[in-house]
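The chain contents come next:
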Amino acid sequence: MFQDVIGHEAIKQRLIRSLQTGRISHAQLFAGPTGYGSLALALAFAQYVFCTGDKHDDACGECPSCRKMKKFIHPDLHFVFPVVRKAKSPVSDEYLNEWRRLLTQGAYFGLEEWYAEMGIDDNAQASIYAEESGNILRKLNLKAFESDYKIMLVWLPEKMNPECANKLLKIIEEPYEKTLFLMVSEQPEQLLATIRSRLQRVHVPPLPQEEIRSQLVRQKGITDEKAAAYAHVAAGNWHRALQLLEESEEQVYNQEKFMSLMRLCWERKMLPVNEWVNEVSGLGRERQKSLLLHALRMIRENFVRNFHIERLNYMTEREENFSLRFSPYVHEGNVLPLTEEFERAYQDVTRNGNGKIIFTDLCIKVMQNIRPT
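What you see is a predicted model; the values in this text were computed from it and never measured. (Residues numbered from 1 in each chain as written. Predicted model: local features only at pLDDT ≥ 70, side-chain atom pairs only at ≥ 80, totals over all residues. Heavy atoms only, no water.)

(A) Layout of the environment of Ala 42. With respect to the helices, strands and loops of the structure, Ala 42 is situated in helix H2 (residues 38-50). Judged by its relative accessible area of 0%, Ala 42 falls in the buried class. Distance in space between the C-alpha atoms of Ala 42 and Phe 2 is 9.5 Å, their sequence separation being 40 residues. Leaving out residues up to four positions away in the same chain, Ala 42 has contacts with Phe 30, Leu 153, Leu 182 and Val 184. (Helix = DSSP H or I, 4+ residues; strand = E, 2+ residues; numbered from the N terminus. Buried < 20%, exposed > 50% of the residue type's maximum accessible area, 1.4 Å probe, protein only. Contact = heavy atoms within 4.5 Å.)

Here it is in structure tokens:
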């Protein structure tokens, strides 16, 4: 329901009016990190569309359709999401139980949580495969069971195989009557341009800091001071705020690896650097990408810290303690080269490059920029 979506009142009202006035777009793109509420908004809108009760500013929550939506088992709501190719058919239906189980825990999650729910290896790459297109077309060809509408909700369409995307172009442009596509994308620029041009974009912005603070106090029962600190670091992302509240082992590990990398590169100790490379290259690709994204954020935060404007810094207490002495070493002369090297390493990992080569090269470049000879 819309009442379960944090903030975004203007977007909620716009979606409600579109249905009430009969000017609903048949293909919409909810664009923004899931932590901003894009998936939550799409699900709430689907429930509002299906609701058969007394609905004004929200679904009633009590009718048979709403009760089914609470369990994500409405027969006219179809899900598509990235999966891994195993022995079984690589289509979303094979993972529906896992998907519904994750949704019942909340609609603010990312790809890492989905990987964990599927129970797959970090090295696996989830995708929406070509086989999915046949599944989608078959489902949309059926008559609606209980509602006037059929809804196809696609999570992370940027993970769609090009062959699959091309097969769906016609149905997205000229859908069957009363058929809605709700696509939820974290990186819409990665969508095929031909797909993107057929979608009406619903831009989902970051949540206001005050909204996250009040939600943390209300839902998690923490002090107002601590909630305000977490809300600031979360930078508009509710998923990030929850992660900060329950600092994960991965977050701690990423910061420890970043600190050790910077120290070793400054000291130019090649043997320990090689040990660091061996450890990190042995991680799964998703963990490697997570570490590199963390490092990119730390480069940015340490550079900004030199301007002594606290409201522009988004660091946890652990990160701030390291930055007290480290931030002067990230300056105008090296911030861009360092950023470029970590971004290049991220792209190379994404393309399934050799981990030892990627991280050895990265360490050498960091040495050259952190402490030039």
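Text resumes after the structure shown.
(B) Spotlight on the pattern of salt bridges. Across all of its chains, the model carries 19 salt bridges by this definition. Notably, a salt bridge pairs Glu 117 with Arg 101, separated by 2.7 Å at the nearest N-O pair. With Glu 117 in helix H5 (residues 111-118) and Arg 101 in helix H4 (residues 96-104), this residue pair connects regions lying 16 residues apart in the sequence. What you see here is one network of salt bridges that share partners, running through Glu 210, Arg 213 and Asp 224. (Salt bridge = Lys/Arg side-chain N within 4 Å of Asp/Glu carboxyl O.)

(C) Spatial organisation of the sheet that holds strand E3 (residues 150-155). The strand order across the open sheet built from five strands is E2-E3-E4-E1-E5, with neighbouring strands paired in parallel fashion. Edge strands, defined here as strands with exactly one partner in the open sheet, are strand E2 (77-80) and strand E5 (200-203). On average, adjacent strands in this sheet sit at an angle of 20° to one another, irrespective of strand direction. As paired strands, E2 and E3 are joined by four bridges and run parallel to one another. Within the sheet, the bridge partner assigned to Val 80 lies in E3 and is Val 154. (Pairing = 2+ DSSP bridges. Axes fitted to C-alpha atoms, helices over the stretch in contact; angles between N-to-C directions.)

(D) Highlighting unusual backbone geometry. The backbone of His 8 sits at a positive phi, close to 60°, despite the residue not being glycine. Summarising the element assignment, His 8 is placed in the segment before helix H1 (9-20). The backbone of Asn 352 shows a phi angle near 65°, a positive value even though the residue is not glycine. Residue classification places Asn 352 among the partly exposed positions, given a relative accessible area of 44%.

(E) Seen up close, the side chain of Asn 302. Along the chain, the position of Asn 302 falls in helix H14 (residues 285-305). Within the structure, the side chain of Asn 302 is placed 2.7 Å from the backbone oxygen of Met 298, a separation counted as a polar contact. Residue contacts for Asn 302: discarding those within four places in its chain leaves Ser 323, Phe 326, Ser 327 and Val 330. (Polar contact = N/O pair within 3.5 Å; in protein donor to acceptor, adjacent residues only side chain to side chain.)

(F) Structural view of the packing of helix H16 (residues 335-350) against helix H17 (residues 355-370). Following both chains from N to C, one finds H16 and H17 inclined at 175°, their axes separated by 10 Å at the closest point. For the element pair H16 / H17, the angle class is roughly antiparallel. For the pair formed by H16 and H17, the contact residues are Pro 337, Leu 338, Glu 341, Phe 342, Ala 345, Asp 348 and Val 349 on the first element and Ile 358, Phe 359, Asp 361, Leu 362, Lys 365, Val 366, Asn 369 and Ile 370 on the second. Here the residues of the contact of H16 with H17 are counted per class, giving 10 nonpolar, one polar and four charged. (Parallel < 35°, antiparallel > 145°, perpendicular 65-115°, else oblique. Nonpolar A, V, L, I, M, F, W, Y, C, P; charged D, E, K, R; others polar.)

(G) Geometry of the packing of aromatic side chains. A full pass over the atoms with the stated rule returns 15 aromatic pairs. Centre to centre, the rings of Trp 266 and Tyr 329 are 4.9 Å apart; their planes meet at 55°, and the pair counts as tilted. Here the residue Trp 266 occupies a position in helix H12 (residues 249-267), and Tyr 329 occupies one in the loop between helix H15 (317-326) and H16, the gap between them amounting to 63 residues. An aromatic cluster of three or more residues is present, and its members are Phe 79, Phe 81, Tyr 95, Trp 99, Phe 109, Trp 114 and Trp 155. The lysine or arginine in question, Arg 371, covers the ring of Trp 266, its NZ or CZ lying 4.8 Å from the ring centre. (Phe/Tyr/Trp six-rings, centres within 6.5 Å; stacked < 30°, edge-to-face > 60°. Lys NZ or Arg CZ within 6 Å of the ring centre and 35° of its normal.)

(H) Expanded view of the nonpolar core. Membership of the largest hydrophobic core comes to 64 residues, with the highest contact counts inside it found for Leu 39, Phe 79, Phe 81, Trp 99, Trp 114, Leu 153 and Trp 155. Looking at this core, the element that brings in the most residues is H2, giving 11 residues. Beyond its immediate chain neighbours, meaning those up to four positions away, Phe 79 contacts Leu 43, Phe 72, Ser 92, Leu 96, Trp 99, Leu 103 and Leu 153. Membership of the second largest hydrophobic core comes to 36 residues, among which are Val 280, Leu 291, Ala 295 and Cys 363. (Core = buried A, V, L, I, M, F, W, Y, C linked by side-chain atoms within 4.5 Å.)

(I) Main features of the packing of helix H9 (residues 209-220) against helix H10 (residues 224-234). At a closest axis distance of 8 Å, the pairing of H9 and H10 adopts a crossing angle of 135°. Accordingly, the angle class assigned to the pair H9 and H10 is oblique. Regarding H9 and H10, the two cross each other, and that crossing is right-handed. Residue-level contacts link Gln 209, Ile 212, Arg 213, Leu 216 and Val 217 of H9 to Asp 224, Ala 227, Ala 228, Tyr 230, Ala 231, His 232 and Ala 234 of H10. Here the residues of the contact of H9 with H10 sort into eight nonpolar, two polar and two charged. (Left-handed = near helix turned anticlockwise from the far one by under 90°.)

(J) A look at the environment of Glu 117. Along the primary structure Glu 117 and Asp 76 are separated by 41 residues, whereas in three dimensions their C-alpha atoms are 24 Å apart. Setting aside residues up to four positions removed in sequence, Glu 117 forms contacts with Glu 98, Arg 101, Leu 102 and Gln 105.

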